[in-house]
Amino acid sequence: MSHIFPKSANKLPLQIIIFVLVLVGVVTAATTYYATPKYTRIGYAPVQPVPFSHALHAGQLGIDCRYCHVGVDKGATSTVPTAQTCMNCHNQILPDSPALAPVRESFASGDPIKWVKVHQVPDYVYFNHAVHVNRGISCVECHGKVNEMEVVRHEKPLSMGFCLDCHRDPASHVRPLDQITNLNWTPAQASEHAKWAQDFVKNNHITPPQSCTGCHR
Amino acid sequence: MRYAYLVLAFVVVATVSILGFRGSTSTKPPLEVFPDMDRQAKYKPQAASAFFADGRADRPIPPGVVARGDLRDDAHLYTGKAADGSFASGFPSSLSIDARFLELGRARYNVSCLPCHGAVGDGNGITKSYGMGATPTYHDDRLRNMPEGEIYNTIVHGKGNMLSYADKLNAEERWAVIAYVRALQRAQTGTLNDVPASHKSELGIQ
């Protein structure tokens, strides 16, 4: 009658508490690691209907980003080019390539090529490309070195923390306006550039919003 | 209690094996962990639409529609043609041809024209070595004497193998590019007399 529970049962409540604490720690760590765009978005490289290589066009040929993405310094959207943009060259260069069949089809019919969107912010984020590229923020800040990518790959998290890092400290991200689409640009002298950047931010009244309504509405 | 830790260890190993590590390349669309209002029932630019027959959310402008403040009644500015229908010479009077305008022209030329026409307008752009047909040089009498309006017309409608660039350059940018092309042409015919006296010593002449 006196030995219903073994003596070790005395330690059980403490052991359970320790296990629960460990469990909470593991779940917290897993959530922090996985439930963030650093895990969910980075590395996304969808298969596109045409195997277009940015490394060849923007890198090797040195074609400016804005040759195709014309809307980027004029409006909120960096427009995906029409098939006609491709045909400017490909009516003569590789005019019969099977890889370009969807382009020719789209150019003839007027129906757009179904490109897969890689960088997609949530619908409650109102990002404006023009205000960024016209204020010294290069494409590379959010898109990575696209000029070296055979297949476009999501390089940056594009999370709210990512946006705010820059909005709190624009001076360490701005560059001269004629180098916006030069993704390989680095300042010749870091200390001189830092001073230039401070002045650039001040003179152009660059005050990135940190309030909710800056980006959400 | 040991079993509980073993199960936990197994779950951790299984999770890491299934989900992998940060930054690994994947062709699968990103998982949206808290999808609350990430995707809303609204159209965004260049998006797809299940409603319209052609499947696009962007609607083409019906013929004849004029946006407010965008009547385009200046024929010289918007078509490059004079009142009698011939190509106009010179620049539209509403534009001021100054250093800022030429800078705009240079910027747009280097983006949209340079790949084929080359940095100095000699037709030796990068595309030439990849099989682009002969791109004419700007530096002959035919193009030096071509009215500005005809160059404008070529930018808007294309010519020969060159397609239209109307969707890439707006009216002001087209005229700015023409001004820059004129500057490129002028640069090729410079003589020593064009060098300002204050800069002659830099070139070792005097």
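Trainee: Looking at this structure, I do not really get the overall build of chain B. What am I missing?
Mentor: Helix and strand counts for chain B stand at six helices and zero strands. Mapped from its N terminus to its C terminus, chain B presents α and β elements in the order α-α-α-α-α-α. Relative to a compact globule of 206 residues, whose C-alpha radius of gyration would be 17 Å, chain B shows 28 Å and is clearly more extended. Seen along its three principal axes, the alpha-carbon backbone of chain B occupies a region of about 95 × 55 × 35 Å. The buried share of chain B, reckoned over its 206 residues, is 31%.

Trainee: What am I meant to see in unusual backbone geometry here?
Mentor: The backbone of L94(A) shows a phi angle near 50 degrees, a positive value even though the residue is not glycine. Considering the arrangement of structural elements, one finds L94(A) in the loop between α5 (83-90) and α6 (101-109). Its identity as a non-glycine residue notwithstanding, Q46(B) has a phi of 60 degrees, on the positive side. Considering the arrangement of structural elements, one finds Q46(B) in the loop between α1 (2-19) and α2 (75-79).

Trainee: Hey, could you run me through the nonpolar core in this one?
Mentor: Nonpolar side chains tend toward joint burial in soluble globular proteins. All names here are of chain B. Within the largest apolar cluster, 28 residues are counted, with the highest numbers of intra-cluster contacts made by F101, Y109, Y152, I155, W175, V177 and I178. Listing elements by their share of this core, those giving two or more residues are α3 (99-117), α5 (148-157) and α6 (171-188). The element contributing the most residues to this core is α6, with nine residues. Discounting chain neighbours no more than four positions away, the residues touching Y109 are L114, H117, G118, A119, G121, Y138, V177, Y180, V181 and L184.

Trainee: It is not clear to me how the interface of chain A and chain B should be interpreted in this structure. Could you clarify?
Mentor: A common way to report how large an interface is uses the accessible area buried once the components associate. Each side of the interface is counted separately: chain A has 54 residues, and chain B has 49 residues. In total, chain A and chain B occlude about 4,600 Å² of area from one another, counting both sides; carbon and sulfur atoms represent 56% of this. Where chain A meets chain B, there are four salt bridges. Scanning the region where chain A abuts chain B turns up 29 residue pairs in polar contact (both at pLDDT 80 or more). Listing elements by their share of the side of chain A that touches chain B, those giving two or more residues are α1 (12-34), α2 (37-40), α4 (65-68) and α5 of chain A. Tallying contributions element by element places α1(A) first for the side of chain A that touches chain B, with ten residues. Of the residues belonging to the side of chain A that touches chain B, the class tally is 29 nonpolar, 16 polar and nine charged.

Trainee: Help me understand α6(B) in this model?
Mentor: Residue pairs three or four apart in sequence face the same way in an α-helix, which turns once every 3.6 residues. Compared with the 26 Å implied by 1.5 Å per residue over 18 residues, the 26 Å span of α6(B) between its first and last C-alpha is a close match. The buried fraction of α6(B) is high, at 13 of 18 residues.

Definitions and cut-offs
Residues numbered from 1 in each chain as written. Chains lettered and ligands numbered in written order. Predicted model: local features only at pLDDT ≥ 70, side-chain atom pairs only at ≥ 80, totals over all residues. Heavy atoms only, no water. Helix = DSSP H or I, 4+ residues; strand = E, 2+ residues; numbered from the N terminus. Rg over C-alpha atoms; globule rule 2.2 N^0.38 Å. Buried < 20%, exposed > 50% of the residue type's maximum accessible area, 1.4 Å probe, protein only. Core = buried A, V, L, I, M, F, W, Y, C linked by side-chain atoms within 4.5 Å. Contact = heavy atoms within 4.5 Å. Buried area = accessible area lost by both parts, 1.4 Å probe. Salt bridge = Lys/Arg side-chain N within 4 Å of Asp/Glu carboxyl O. Polar contact = N/O pair within 3.5 Å; in protein donor to acceptor, adjacent residues only side chain to side chain. Nonpolar A, V, L, I, M, F, W, Y, C, P; charged D, E, K, R; others polar. Expected span 1.5 Å × (residues − 1).

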